[in-house]
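Summary of structural features
Read off the chains here:
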Amino acid sequence: VGELLLDKGEIAFTDNTFEKPFRYLISDIRLSSRDIDFSKQNELTLDAKLQRTGSGHIRWKGSLQNLDNHNLMVALSNINLKDFTPYCEHFTAYPLTGGNLTFRSQNVIRNRYLDGTNHLDMFEPKVDKKRREIKAEMNIPLKLGLYVLKDKKGHVKMDLPVKGSLDS
């Protein structure tokens, strides 16, 4: 394939399995790649607007025929945590009332060995009072957890490394 281009794409995702339906819009999707060859290394980039305030960028390099060597970079920025309230309420019974999420991930596979670095940064994550009428999947003290994890500037930062053989 000489050139692959998707411009101004849109995905509207809806999950009606919770008490409050979850709806999320991914818009202004731009996916591009050149000189796609299933037997050689390929490159693909994807950019998108996430709901109202967020953005996403994905860059991938690899062969479509095998998993031996790949490089995947994902960057999600300024995602409004409040949008994910239906999931948070379902699992913890706490509604999200504020905060933004930034996530950066670089996953490199060399000779079937994964070396991934992942960085999560939530700024001013806030939850409301626990909703007693919801039977949560997990009974965790989310407010206390966020209080303990937040630094003095209001960030919850975590590095989440992933390493290992794809054959293991």
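Bear in mind that the values here come from a model prediction, so they are computed numbers and not experimental data.

1. Here's the deal with the overall build of the chain
Along the chain, the regular secondary structure elements total two helices and nine strands. Per-residue burial for the chain yields a buried fraction of 36% across its 168 residues. By sequence separation, contacts in the chain at least 24 residues apart represent 53% of the contacts at least 6 residues apart. Element-wise, carbon and sulfur atoms account for 55% of the exposed surface of the chain, whose accessible area totals about 10,900 Å². On the chain, the mean spot of the 26 positive side-chain charges and the mean spot of the 22 negative ones are 7 Å from each other.

2. A few points about the environment of R23
Structurally, the position occupied by R23 is in strand 2 (residues 22-34). Residue R23 is classed as exposed on the basis of its relative accessible area, which comes to 52%. Distance from R23 to G154, taken between C-alpha atoms, is 27 Å for residues 131 residues apart in sequence. Ignoring anything within four residues of it in the chain, the contact list for R23 reads F13, T14, N16 and Q51.

3. Here we look at the environment of D151
With respect to the helices and strands, D151 occurs in the loop between helix 2 (142-149) and strand 8 (155-159). The spacing of D151 and E124 is 27 residues in sequence and 9.6 Å in space, taken between C-alpha atoms.

4. Section: the nonpolar core
By size, the foremost hydrophobic cluster in this structure holds 15 residues, and its most contacted members are L101, V127 and L142. When contributions to this core are tallied by element, the ones reaching two or more residues are strand 2, strand 6 (96-110), strand 7 (113-127) and helix 2. Considering every element that reaches this core, the biggest residue donor is strand 7, with three residues. The contact partners of L101, leaving out residues within four places of it in the chain, are L76, S77, N78, I79, L81, L120, D121 and M122.

5. Remarks on helix 1 (residues 85-92)
For helix 1, every residue scored as buried is listed here: T85, P86, C88, E89 and T92. Buried residues of helix 1 fall within an arc of 165° about the axis and therefore sit on the same side. Those residues of helix 1 that are buried lie in contact with strand 2, strand 6 and helix 2. One or two steps after helix 1, the chain reaches A93, where phi turns positive at roughly 75°.

6. Things to note about the packing of aromatic side chains
Taken as a whole and assessed by the stated rule, the structure comprises seven aromatic pairs. Ring centres 5.9 Å apart and planes at 10° place the aromatic pair F22 and Y24 in the stacked group. Y24 matches F22 in its accessibility class, with the two residues each being buried. Here the aromatic cluster, defined as three or more aromatic residues joined through ring pairs, consists of F13, F18, F22, Y24, F84, Y87 and F91.

Thresholds, definitions, all that
Residues numbered from 1 in each chain as written. Predicted model: local features only at pLDDT ≥ 70, side-chain atom pairs only at ≥ 80, totals over all residues. Heavy atoms only, no water. Helix = DSSP H or I, 4+ residues; strand = E, 2+ residues; numbered from the N terminus. Buried < 20%, exposed > 50% of the residue type's maximum accessible area, 1.4 Å probe, protein only. Contact = heavy atoms within 4.5 Å. Areas by Shrake-Rupley, 256 points an atom, 1.4 Å probe, with all protein chains shown as cover. Lys, Arg positive; Asp, Glu negative; His and termini not counted. Charge placed at Lys NZ, Arg CZ, Asp CG, Glu CD. Core = buried A, V, L, I, M, F, W, Y, C linked by side-chain atoms within 4.5 Å. Arc of directions from axis to C-beta. Phe/Tyr/Trp six-rings, centres within 6.5 Å; stacked < 30°, edge-to-face > 60°.

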